[in-house]
2 protein chains.
Amino acid sequence: MTSRRGPRGAGSDTRADILEAARSEFAAKGYDATSVRGVARAAGVDPALVHHYFAGKAGLFADVVGIPEDPSTLMAEVLDGPEGEVGEQLARTFFRVWDSPEGRVRFQGIARSAMGHDGAARMIQEFVAGEIFGRVAVTLAGRRGRAAEEVRVPAGLAAGQMVGLALLRYVIELPELVDADVDELVDLVAPTLQRYLVGE
Amino acid sequence: MTSRRGPRGAGSDTRADILEAARSEFAAKGYDATSVRGVARAAGVDPALVHHYFAGKAGLFADVVGIPEDPSTLMAEVLDGPEGEVGEQLARTFFRVWDSPEGRVRFQGIARSAMGHDGAARMIQEFVAGEIFGRVAVTLAGRRGRAAEEVRVPAGLAAGQMVGLALLRYVIELPELVDADVDELVDLVAPTLQRYLVGE
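Described in the following lines is the structure provided in the data block.

Calculation notes
Residues numbered from 1 in each chain as written. Chains lettered and ligands numbered in written order. Predicted model: local features only at pLDDT ≥ 70, side-chain atom pairs only at ≥ 80, totals over all residues. Heavy atoms only, no water. Helix = DSSP H or I, 4+ residues; strand = E, 2+ residues; numbered from the N terminus. Expected span 1.5 Å × (residues − 1). Buried < 20%, exposed > 50% of the residue type's maximum accessible area, 1.4 Å probe, protein only. Contact = heavy atoms within 4.5 Å. Buried area = accessible area lost by both parts, 1.4 Å probe. Salt bridge = Lys/Arg side-chain N within 4 Å of Asp/Glu carboxyl O. Polar contact = N/O pair within 3.5 Å; in protein donor to acceptor, adjacent residues only side chain to side chain. Bend = angle between axes of the 7 residues up to and from the residue. Axes fitted to C-alpha atoms, helices over the stretch in contact; angles between N-to-C directions. Parallel < 35°, antiparallel > 145°, perpendicular 65-115°, else oblique. Left-handed = near helix turned anticlockwise from the far one by under 90°. Nonpolar A, V, L, I, M, F, W, Y, C, P; charged D, E, K, R; others polar. Least-squares fit on C-alpha atoms with pLDDT ≥ 70 in both.

1. Remarks on helix α9 (residues 152–171) of chain A
All names here are of chain A. Taking 1.5 Å of rise per residue, the 20 residues of α9 would be expected to cover 28 Å, and the 27 Å separating its terminal C-alpha atoms lies within 8% of that figure. Along α9, 19 of the 20 residues are buried, which leaves the element largely enclosed by surrounding structure. Glu 173 occupies a position one or two residues after α9 and carries a positive phi of about 60°.

Set out below in structure tokens:
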């Protein structure tokens, strides 16, 4: 896969080496235990070079699994919006990333690898829980003075809703979800995400 | 796999033949296009014998995929209860079927086969959509004079929520969902199912 980030030309071998090292590290150690420093060491380059080519660990992971935009940037956009629209914005962002022919193929690949290998399952769950739904829930909880611990389970349910929806729409291809348009799905799922992540 | 339904002894070969024929028919044709009559023909027995050993097509399918209780009976129980408790009862029934060591292993097997083969994916989605969430949604819509068509997409989202939750708890093993107890999960997910299946 190719990236729209980082310079081309002379550096492209270095970039590919880093990506290859990252792929091995994430698969072997999971998302949480992998570090930019460890990836740099495995690739035989300075950590500064990893930061030069990729937007930190989350950006590196996004490239490894083929997410086309930096998840940190996407989640920051969701969190910068009005709190009453978090559910809707998160749902819209989700479909913007996945609801295209390429996004669907990427999701299918990720879903199949998550089911097949324990390493893949672990790195994906740690990423989804930590960088996406967990990050949104913990940030919102912090703003309201609630403990991060209180929102872990609802954040997991929000992840479950979107993973299940994507699985039925893109992989299992349940006709009612395949045929539904994105606006209808957003209208239905937004209040669910809102309740889990922000509360009533 | 064994069943707690049907007599033992002399009939056990017939029962096994029917089950084997059903497994092939469901895999080849999906859930909707498979009939008790077709399974009987493939097994070389009278359709009455299929009904003798299994609780109709849904019961036959449940046996093929290893669901320990007849889904028609379980859904009838949910629908017989108060309408305000449909979400909660459905969630409780779901965990009663899957939240045991054996249930978890069964779910893992079904999930992996659903991801691997298109036939398995189709038979499972048709079953889940038609016999479980679809049936509940359509029955409830009928009671309120709403068209079945209106509730197809929300029923799909309800299925997505539970499939995704089960996937993250039993297969991907997201720690926050693995560690949560069933009562907490039911409290969180019941209003979501209630909203999708019954409305606000």
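Okay, back to it.
2. What to know about the interface of chain B and chain A
Counting residues at the interface gives 37 residues for chain B, matched by 37 residues for chain A. Buried area between chain B and chain A, both sides added, is near 3,300 Å², and the carbon and sulfur share of it is 66%. Put simply, chain B and chain A have two salt bridges between them. Notably, a salt bridge pairs A:Arg152 with B:Glu176, separated by 3.5 Å at the nearest N-O pair. Inspection of the region where chain B meets chain A yields ten residue pairs in polar contact (both at pLDDT 80 or more).

3. Thoughts on unusual backbone geometry
Unlike most non-glycine residues, A:Glu173 shows phi in positive territory, near 60°. Within the element layout of this structure, A:Glu173 appears in the loop between α9 and α10 (175–179).

4. Let's talk about helix α11 (residues 182–197) of chain B
Residues and elements named next belong to chain B. An ideal rise of 1.5 Å per residue puts 22 Å on 16 residues; α11 measures up with 21 Å between its terminal C-alpha atoms. Of all the bends in α11, the greatest reaches close to 35° and is centred on Val 189; the proline Pro 191 follows between one and four positions later. By the burial criterion, the buried members of α11 are Leu 185, Val 186, Leu 188, Val 189, Ala 190, Thr 192, Leu 193, Gln 194, Arg 195, Tyr 196 and Leu 197. Downstream of α11 by a residue or two, Gly 199 has a phi angle that is positive, lying close to 100°.

5. A short note on the environment of B:Gly66
All names here are of chain B. Residue position: Gly 66 is located in the loop between α4 (56–65) and α5 (71–80). Using a relative accessible area of 11% as the deciding quantity, one classes Gly 66 as buried. A sequence separation of 37 residues divides Gly 66 from Gly 103, and the C-alpha atoms of the two residues are 8.9 Å apart.

6. Focus: the packing of helix α6 (residues 86–98) of chain B against α11(B)
Residue and element names in this part refer to chain B. Contact pair α6 / α11: the axes reach a minimum separation of 7 Å and the direction vectors enclose 130°. For the element pair α6 / α11, the angle class is oblique. In this structure, α6 meets α11 at a crossing whose hand is right-handed. Residues Val 86, Gly 87, Glu 88, Leu 90, Ala 91, Arg 92 and Phe 95 of α6 touch α11, and the partners they reach there are Val 182, Asp 183, Leu 185, Val 186, Val 189, Ala 190, Leu 193, Gln 194 and Leu 197. For the contact of α6 with α11, the residue count by class is eleven nonpolar, two polar and three charged.

7. Topic: the relation of the copies chain B and chain A
Each copy of the sequence occupies a distinct position, and chain B is placed on chain A by a rotation of 180° and an axial shift of 0.0 Å, giving an RMSD of 0.0 Å. These values place the two chain copies in the arrangement generated by a two-fold rotation axis.

8. Section: the pattern of salt bridges
All names here are of chain B. Per the stated rule, a full pass over the model turns up 24 salt bridges over all chains. In this structure, Asp 99 and Arg 169 form a salt bridge, with 2.8 Å as the shortest nitrogen-oxygen distance. Placement of the pair is Asp 99 in the loop between α6 and α7 (101–116) and Arg 169 in helix α9 (residues 152–171), with a sequence separation of 70 residues. For Asp 99, a relative accessible area of 26% puts it in the partly exposed group. The partner of Glu 149 in a salt bridge is Arg 152, and the shortest N-O contact between them spans 3.3 Å.

9. Details of the packing of α9(A) against helix α11 (residues 182–197) of chain A
Residue and element names in this part refer to chain A. Their axes nearest at 8 Å, the elements α9 and α11 cross at an angle of 160°. Judged by the inter-axis angle, α9 sits roughly antiparallel to α11. Seen from above, α9 lies across α11 with right-handed handedness. Two secondary-structure elements touch here, α9 through Pro 154, Ala 155, Leu 157, Ala 158, Gln 161, Met 162, Leu 165 and Arg 169 and α11 through Val 182, Leu 185, Val 189, Thr 192, Leu 193, Tyr 196 and Leu 197. Taken together, the residues of the contact of α9 with α11 sort by class into twelve nonpolar, two polar and one charged.

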